[in-house]
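In case you want the letters, here they are:
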Amino acid sequence: MNEFIRNEKGSAIVLITILLTVLVGMAAMVTDTGAVFLTRARLQNAVDAAALAALQDLPGDTAQAVATAANYAATDCPPDAEIDMPQILESDRAVFVSAHKTVHYGLARIIGFDSKTVAAQALARLEPITGVRGALPLGVMKDVWTPGQTVILKGGAQESIFYGWRGALALGGNGASNYEENLKNNYTEILRLDDLVDVEEGNMSGPTLTGTEYRLAGCPHTPACTLENYNTTCPRIGIIPVVEEVLLTDKKGEQTTSKKQVRICGFALFLLSDTEGNGSNGQLTGQFIQGIIQGEADPNGPDFGVYRARLVQ
Ligand SMILES: [Zn+2]
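Residues numbered from 1 in each chain as written. Predicted model: local features only at pLDDT ≥ 70, side-chain atom pairs only at ≥ 80, totals over all residues.

S.K.: I tried to follow the overall build of the chain on my own but got confused; where do I start?
M.R.: From N to C terminus, the chain includes four helices and 15 strands. For the chain, the C-alpha radius of gyration of 31 Å lies well beyond 20 Å, the compact-globule estimate for 313 residues. When the backbone C-alpha atoms are referred to their principal axes, the chain occupies close to 120 × 50 × 30 Å. Put simply, the chain has 313 residues, and 35% of those count as buried. Within the chain, counting contacts between residues at least 6 apart in sequence, those at least 24 apart form 69% of the total. (Helix = DSSP H or I, 4+ residues; strand = E, 2+ residues; numbered from the N terminus. Rg over C-alpha atoms; globule rule 2.2 N^0.38 Å. Buried ≥ 20, exposed ≤ 12 C-beta atoms within 10 Å, placed from the backbone. Contact = placed C-beta atoms within 7 Å.)

S.K.: What exactly am I supposed to notice about the nonpolar core here?
M.R.: Side chains that are nonpolar tend, in soluble globular proteins, to be buried together. Grouped together as the largest cluster of nonpolar side chains are 67 residues, with contacts concentrated most on Val 47, Ala 50, Ala 51, Ala 69, Ala 73, Val 95 and Ala 268. Element by element, the count of residues in this core is highest for helix α1 (residues 2-54), at nine residues. Taken together, domain 1 (2-113) and domain 2 (130-311) each give at least three residues to this core, which thus spans both. In this structure, Val 47 is in contact with Ala 73, Val 97, Ser 98, Ala 99, Ala 120, Gln 121 and Ala 122, ignoring residues within four places of it in sequence. (Core = buried A, V, L, I, M, F, W, Y, C linked by C-beta atoms within 7 Å. Domains from an automatic or database assignment.)

S.K.: Looking at this model, I keep getting lost on helix α2 (residues 62-76). Mind explaining?
M.R.: Between the first and last C-alpha of α2 there are 21 Å, a value that for 15 residues agrees with the 21 Å anticipated at 1.5 Å per step. Taken residue by residue, α2 has Ala 65, Thr 68, Ala 69, Tyr 72 and Ala 73 as its buried positions. For α2, the angular spread of the buried residues around the axis is 125 degrees, confining them to a single face. Seen from the open side of α2, the exposed residues pointing more than 90 degrees away from its buried face are Ala 63 and Thr 75. (Expected span 1.5 Å × (residues − 1). Arc of directions from axis to C-beta.)

S.K.: Which parts of the structure should I look at to understand the domain arrangement of the chain?
M.R.: By a widespread convention, an interface's size corresponds to the accessible area lost as its parts come together. According to the domain assignment, the chain consists of domain 1 (2-113) and domain 2 (130-311). Each of domain 1 and domain 2 was reduced to a C-alpha centroid, and the two centroids are 49 Å apart. In this complex, domain 1 contributes six residues to the contact, which on the side of domain 2 involves four residues. Looking at the side of domain 1 that touches domain 2 residue by residue, the class counts come to three nonpolar, two polar and one charged. (Nonpolar A, V, L, I, M, F, W, Y, C, P; charged D, E, K, R; others polar.)

S.K.: Got a minute to help me understand the environment of Ile 152 in this structure?
M.R.: Residue placement: Ile 152 occurs in strand β6 (residues 150-154). Measuring from C-alpha to C-alpha, the distance between Ile 152 and Ala 54 comes to 32 Å, with 98 residues separating the pair along the chain. Apart from residues no more than four positions distant in its own chain, Ile 152 is found in contact with Gln 283, Leu 284 and Thr 285.

S.K.: Please clarify how helix α4 (residues 205-217) should be interpreted in this entry.
M.R.: Side chains three or four residues apart in an α-helix point the same way, a direct result of the helix having 3.6 residues per turn. In this model, α4 (13 residues) spans 18 Å end to end at C-alpha, consistent with the 18 Å of a helix rising 1.5 Å per residue. For α4, the complete set of buried residues consists of Ser 205, Pro 207, Thr 208, Leu 209, Gly 211, Thr 212 and Arg 215.

S.K.: Would you explain the environment of Gly 139 in this entry?
M.R.: Along the chain, Gly 139 turns up in the loop between β4 (115-135) and β5 (140-141). Between the C-alpha atoms of Gly 139 and Trp 165, which are 26 residues apart in sequence, the distance is 10 Å. Not counting residues within four places of it along the chain, the set of residues in contact with Gly 139 comprises Gly 167, Leu 169, Pro 241, Val 243 and Val 262.

S.K.: Even after reading the chapter, I still don't get the packing of helix α3 (residues 176-185) against α4, so can you show me in this structure?
M.R.: The relative placement of two packed helices is expressed as an angle between their axes plus a distance between the axes. It is at 8 Å that the axes of α3 and α4 come closest, and there the two elements cross at 20 degrees. It follows that α3 is roughly parallel to α4 by the angle criterion. As for the relative orientation of α3 and α4, their crossing is right-handed in sense. Residues Ala 176, Tyr 179, Glu 180, Leu 183 and Lys 184 of α3 pack against Pro 207, Thr 208, Thr 210, Gly 211, Thr 212, Tyr 214 and Arg 215 of α4. Split into classes, the residues belonging to the contact of α3 with α4 amount to five nonpolar, four polar and three charged. (Axes fitted to C-alpha atoms, helices over the stretch in contact; angles between N-to-C directions. Parallel < 35°, antiparallel > 145°, perpendicular 65-115°, else oblique. Left-handed = near helix turned anticlockwise from the far one by under 90°.)

S.K.: What should I look at first to understand unusual backbone geometry in this one?
M.R.: Backbone phi values are negative for most residues with the exception of glycine, while trans is the configuration of most peptide bonds. Pro 59 follows Leu 58 through a cis peptide bond whose omega is 0 degrees. A cis amide bond, omega -5 degrees, links Thr 222 with the succeeding residue Pro 223. Its place among the elements puts Pro 223 in the loop between α4 and β10 (237-249). Residues other than glycine seldom take positive phi values, yet Asp 80 does so here, at roughly 70 degrees. Among the structural elements, Asp 80 can be located in the loop between α2 and β1 (82-83).

The following block contains the structure:
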C-alpha cells in the first residue's frame, strides 16, 4: 500500500512537471514569438523606408544615396540592429538595404531556446515613366533634351523646330484657349510612349507667356522654388513629353516628316524659371531636372530623368 502511494506521488510530480513545461512553452511561444514577429516587422519597415528615401538621390549622387539609406535605417531600425552597408545597383537606379537583429528570448530559455536572429532586406528601384497624366502642352525633341542647362523650351516667332513648329502641342484639341488651359492646369488625359500627338501650328506666343506667368506665380513655397531647392509637386515644375519626328511615306515611296504630328518617346521634368520677350517673341525658359512622380513606368523604358519609385522586394 505504501509503495502504491509513493508511486502515485511520483506520477503526480511527473505529470505536474510535464504540464508546467507545456504551460511555460506556450507562454514562451506567445511572448518570444511575438517579440520576434514585431522585431522583423520593424526591421522590414525600416529598410523599406530607407531604400525608398535613398532613391531621391539617384541616379546622380550615389554617395549621398548610401548616406541617406544608412541614416534612415539607423533612425528607424530597433535598437541594437545591425545595418549592412547599403548597395547601389542597376546602373545607379536601385538601392538595396538589409539589416538584422538578434532577439534574446525570455521564457523560451527555460525550454532550451536562447535567441533568434531576424533579418530584413529591401530593394527599391527607379523606373522610367512611360505613361502619365498632367503633361504640359509642350514637346521637346529627343536630341534637344539636356539636363542641367538653361534652355528655351518654347521658341519665339523666329525660331522653328521643324516646318514652322515651335514646340506647342495640341493636346485634346487645338487653338490658343485650349493650349493656354493645358499650360496653366496640365493636360488631364493620359499620354503614353509611342502615342502620336498633334502639333499646334500657331505661334502661341501670348498664351505661352500668360500660362507660364500663371504657373510661376502659383508656387506656394517659401522660398520660391528654384533649381537649387524645389518641390516636385510645385506648379513651377511640369511634365514635358519628349518627342521625335513622325516619318511618313508619300505616294512615290519616299519618306517625309509629318508636319502635323510627333511621336512621344519619353517624358522629362522641366522647372520653369522665366518668361522672356513679348508680342510674337514670347519664350519660356527653364531647366530639365530629375524627379520622382506618379505614373506608369517600365524599368527598361527610355530614361529622361523622370521616374516612378518602386519597392521591388
Ligand atoms: Zn514651388
